[in-house]
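Each chain, letter by letter, is given below.
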Amino acid sequence: MTAHTIAETEALPDAAPRVDSEVGPLRTVLLHRPGNELKRLTPRNNDQLLFDGVPWVGRAQEEHDAFAATLTSKGVEVLLLGDVLVQALEDNRARIAGIHSAVNERRLGIDLADALRSHLTSLDAPQLAHVLMTGMTFEELPAAEGASLVRKMHLPIDFAVDPLPNLLFTRDSSVWVGDRVAITSLALPARDRETTLTDLIYAYHPRFRRTGRAYGAHSAPLEGGDVLLLAPGVIAIGVGERTTPAGAESFARSALADGLAHTVLAVPIAQERATMHLDTVCTMVDRDAVVMYPAISDALTAYPLRSDGDGGVRVDGPVPFLEAAAEAMGIERLRVIDTGLDVVTAEREQWDDGNNTLAVAPGLVVAYERNVETNARLEDAGVEVLRIAGSELGSGRGGPRCMSCPIDRAPLV
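All figures in this text were calculated on a predicted structure; none of them were measured in a lab. (Residues numbered from 1 in each chain as written. Predicted model: local features only at pLDDT ≥ 70, side-chain atom pairs only at ≥ 80, totals over all residues. Heavy atoms only, no water.)

A. Main features of the pattern of salt bridges. In the structure shown here, the tally under the stated rule is 25 salt bridges. One salt bridge connects Arg117 with Glu105, and the closest N-O pair in it is separated by 3.5 Å. Relative accessible area serves as the criterion here: at 28%, Arg117 is assigned to the partly exposed category. In this structure, Glu249 engages Arg253 in a salt bridge whose closest nitrogen and oxygen atoms are separated by 2.9 Å. Taken together, the residues Glu249 and Arg253, both in helix α9 (residues 245-257) and four residues apart, mark about one turn of the helix. On the basis of relative accessible area, Glu249 is assigned to the partly exposed category, the value being 33%. For Arg253, a relative accessible area of 36% gives the class partly exposed. One network of salt bridges, in which partners are shared, links Asp172, Arg191, Glu194, Glu223, Glu241 and Arg242. (Salt bridge = Lys/Arg side-chain N within 4 Å of Asp/Glu carboxyl O. Buried < 20%, exposed > 50% of the residue type's maximum accessible area, 1.4 Å probe, protein only. Helix = DSSP H or I, 4+ residues; strand = E, 2+ residues; numbered from the N terminus.)

B. Summary view of the environment of Arg314. Considering the arrangement of structural elements, one finds Arg314 in strand β14 (residues 313-315). A residue is classified by how much of its surface remains accessible, and Arg314, at 37% relative accessible area, is partly exposed. The contact partners of Arg314, leaving out residues within four places of it in the chain, are Pro304, Leu305, Arg306, Ser307 and Asp308. Among the polar contacts listed, one links the side chain of Arg314 to the side chain of Asp316, at a separation of 3.0 Å. (Contact = heavy atoms within 4.5 Å. Polar contact = N/O pair within 3.5 Å; in protein donor to acceptor, adjacent residues only side chain to side chain.)

C. Molecular detail of the pairing of strand β9 (residues 234-239). Summarising burial for β9: six of the six residues are buried, a large majority. Of the two faces of β9, the one carrying Val234, Ala236 and Gly238 and the one carrying Ile235, Ile237 and Val239 are both buried. Here four bridges tie strand β8 (residues 227-231) to β9, and the two strands are oriented antiparallel to one another. Along β9, the bridge assignment pairs Ala231 with Val234. The turn linking β8 back onto β9 is made up of two residues, and Gly233 within it adopts a positive phi angle of 90 degrees. Note: β9 against strand β10 (residues 263-268), six bridges, orientation parallel. Bridge pairing links Val239 to Pro268 in β10. You can see the chain leave β9, run along α9 and come back into β10, and the turn it takes is right-handed. (Pairing = 2+ DSSP bridges. Right-handed = clockwise from strand over helix to strand, strands pointing away.)

And the structure:
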């Protein structure tokens with residue numbers, strides 16, 4: 001595949017990244033090529049680690065390489081999370097943060113935690129990055145002096161450091177709004193450490209040394225798959241299984257106070273696996289168009305949040321989402337392209353991430369090839385579809401948008 005190496009990344013221009021919309025021409029994106037963390041998945045733990053099955057890792061890597069190659073063929077700069085993590089870990093402050101996140105003293109006890117901490121400190125940056133992403137089982141722990149009840153009472157294949165198979169979905173742990181990045185707060189325990197890795201990348205990688213931060217409150221859950229930049233100054237935030245009302249409100253208040261948005265739409269969605277994020281039911285495919293699951297298009301509502309002029313926030317609604325979005329975007333209406341052609345097809349293709357498209361430019365999107373009917377409807381509506389395979393990538397319930405964190409987009413003109 002074509003992706004920048006660490007050395008090439010360091011030599012790239014130091015222009016400030018910026019993302020103001022979902023569909024502005026994509027310049028730079030952060031992906032994570034599936035690695036050995038996926039080999040940690042078994043029928044015993046895949047549910048706990050949020051996968052619906054046990055993927056064929058080699059095939060998942062081939063599919064991801066093809067995804068990255070599709071983007072680079074359109075002039076998109078692809079950064080790989082594993083590469084930028086290694087370079088960030090060359091900074092000792094990043095190493096300390098990464099090791100601190102990996103060593104759970106409450107689980108391991110003081111003695112075993114000290115032994116693990118000492119071992120991780122001895123690793124070079126690539127080796128440490130490997131453990132931080134892939135995890136470590138008790139049988140892989142370094143030998144410690146004396147007996148350890150903790151080691152004896154765990155199975156050898158139990159995790160002393162949990163793997164992070166959901167790193168594949170780089171969308172969730174950070175969101176770019178304007179020229180700032182927001183480190184999110186992921187809801188489920190299986191994803192706790194992802195934001196630590198993302199945070200240290202943005203803090204210590206030379207590429208991002210001048211990047212400002214948005215959204216200072218990390219206590220309430222908010223995930224990037226729920227955040228859609230409908231237009232410059234207009235943000236939609238899904239509230240459901242992964243993002244709470246408190247998380248949406250904290251993010252909205254921060255974006256409004258910082259002048260990153262004039263309107264934030266909080267959009268309630270069903271709290272269930274099939275609709276875990278707003279981008280599983282709705283994504284932008286053009287300046288004025290979305291692909292949307294038809295079963296909810298008429299019922300979807302929104303609570304508009306705007307500054308009240310006195311440093312506070314006014315909350316209105318609920319109002320119909322499509323009407324509120326069009327009004328905030330300053331357009332007459334938001335065009336809706338339905339998932340599928342009938343009720344059954346729509347349900348199947350929504351489950352298979354038919355709505356989860358990644359816009360490379362206005363009217364140009366990447367989508368899974370298996371969603372045949374939805375892709376046909378997109379093309380009938382004038383949207384060009386770049387089809388990619390996703391039979392193994394989709395086992396974690398995520399499509400092209402879930403697997404990508406746009407870092408830089410050209411402005412819409």
